[in-house]
Every structure is written in C-alpha cells, then in structure tokens.
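Structural overview
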Amino acid sequence: LSVLGKGHFGQVLKCQNNTDKFEYAIKVTSNRIRNPNEQAFYLQEMQTLSALSVEAECPHIVRYFNSWIEDDRIHIVMELCEKSLKQVK
C-alpha cells in the first residue's frame, strides 16, 4: 500500500493480506543473501524471532508474524503500528 520507511537495513512496507484483509508492516532487506552460510544465519535469526514472539508477549515490542526468503532477500511480517516512537509521549 505504501512505503513506511527506508534505511540501511532495507525498507518497511505497509501491506494488506489478501486472505484476512488485515494490514501489516513488512520489512524487506536491501542486501541479497550471498551464500549458504549467510542464509543459514538468517534462517536461525528468523527462527529465534519466531520463538520469542510465541513465548513473550509485551505491549512495548512490535509483534512478529512470519518471515521468508524471496529473491535472496529476507521478508519479515510484523504488526503495523499506528504511531512511531517520536509520536508517543
């Protein structure tokens, strides 16, 4: 739907799921995965993030929903926040 932000790591997109019609934030990395060792490292990181999101629910941490590798880039589906930290007082 739109680009929410860009940085060194990649960009965050506002997207709507075709099935549940909810809106999510999807972080897509800028850099492509270069080799099998790097891919294994990122897969481990994604598994760790998934495990943490199941075990600990905290109102101060953006919820993680899913992730995958496509076109040698990591895609991470997260909760879409209505406000940034700059807007919270």
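Residues numbered from 1 in each chain as written. Predicted model: local features only at pLDDT ≥ 70, side-chain atom pairs only at ≥ 80, totals over all residues. Heavy atoms only, no water.

Quick notes on the overall build of the protein
For clarity, the threshold we go by: Secondary structure elements follow DSSP: runs of H or I of four or more residues count as helices, runs of E of two or more count as strands, with numbering from the N terminus. Exposure classes here rest on a 1.4 Å probe applied to the protein chains alone. A residue is buried below 20% of its type maximum, exposed above 50%, and partly exposed in between. Whether two residues touch is decided by their heavy atoms; if any such pair falls within 4.5 Å, the residues are in contact. Only the protein chains shown count as cover for residues, and the accessible areas themselves come from Shrake-Rupley with a 1.4 Å probe.
Along the backbone of the protein there are 1 helix and 5 strands. Considering the protein as a whole, with its 89 residues, one finds that 19% of them fall into the buried category. Long-range pairs, those at least 24 residues apart, make up 35% of the contacts in the protein between residues at least 6 apart in sequence. Within the structure as shown, the protein displays about 7,200 Å² of accessible surface, and the carbon and sulfur contribution to it stands at 52%.

Comments concerning the environment of isoleucine 33
Within the secondary structure layout, isoleucine 33 lies in the loop between strand E3 (23-29) and helix H1 (36-55). Isoleucine 33 gets classed as buried once you look at its relative accessible area, which sits at 11%. In the structure, isoleucine 33 is positioned 40 residues away from arginine 73 in sequence and 6.2 Å away in space, judged by C-alpha atoms. Each residue touching isoleucine 33, except ones within four places of it in the same chain, is listed here: Glu38, Gln39, Tyr42, Ile69, Asp72 and Ile74.

Some points on the nonpolar core
Note on soluble globular proteins: their nonpolar side chains tend to be buried together. Just so we agree on the cut-off: For this analysis, a nonpolar core means a set of buried residues of the types Ala, Val, Leu, Ile, Met, Phe, Trp, Tyr and Cys, connected via side-chain atoms within 4.5 Å.
Within the largest apolar cluster, 8 residues are counted, these being Ala25, Ile33, Met46, Tyr64, Ile74, Ile76, Met78 and Leu80. Ranked by residue count, the leading element in this core is strand E5 (residues 73-79), at 3 residues. Those residues in contact with methionine 78 that lie beyond four places of it in its chain are Tyr24, Ala25, Lys27, Val62, Arg63 and Phe65.

Some points on unusual backbone geometry
A positive phi angle is found at lysine 21, which is not glycine, with a value near 65°. A positive phi angle, near 55°, is found at aspartate 71, a position not held by glycine. Position of aspartate 71 relative to the elements: it lies in the loop between strand E4 (64-70) and E5. Accessibility expressed as a relative area gives 55% for aspartate 71, which makes it exposed.

Points about the environment of leucine 1
Within the fold, leucine 1 resides in the segment before strand E1 (2-6). Between the C-alpha atoms of leucine 1 and glutamate 23, which are 22 residues apart in sequence, the distance is 9.0 Å. Contact partners of leucine 1, with chain neighbours within four places excluded, come to Lys14, Cys15, Gln16 and Glu23.

Some remarks on the pattern of salt bridges
For clarity, the cut-off: Only one rule defines a salt bridge in this text: a Lys or Arg side-chain nitrogen within 4 Å of an Asp or Glu carboxyl oxygen.
For the structure on display, the rule yields 3 salt bridges. For glutamate 38, the salt bridge is made with arginine 34, and the minimal N-O distance between the two is 2.6 Å. Classification of arginine 34 by relative accessible area gives exposed; the value is 69%. Glutamate 79 is the salt-bridge partner of arginine 63, the closest N and O atoms lying 3.9 Å from each other. Here the residue arginine 63 occupies a position in the loop between H1 and E4, and glutamate 79 occupies one in strand E5, the gap between them amounting to 16 residues. A residue is classified by how much of its surface remains accessible, and arginine 63, at 40% relative accessible area, is partly exposed. Taking the relative accessible area as the measure of exposure, glutamate 79 reaches 27% and is therefore partly exposed.

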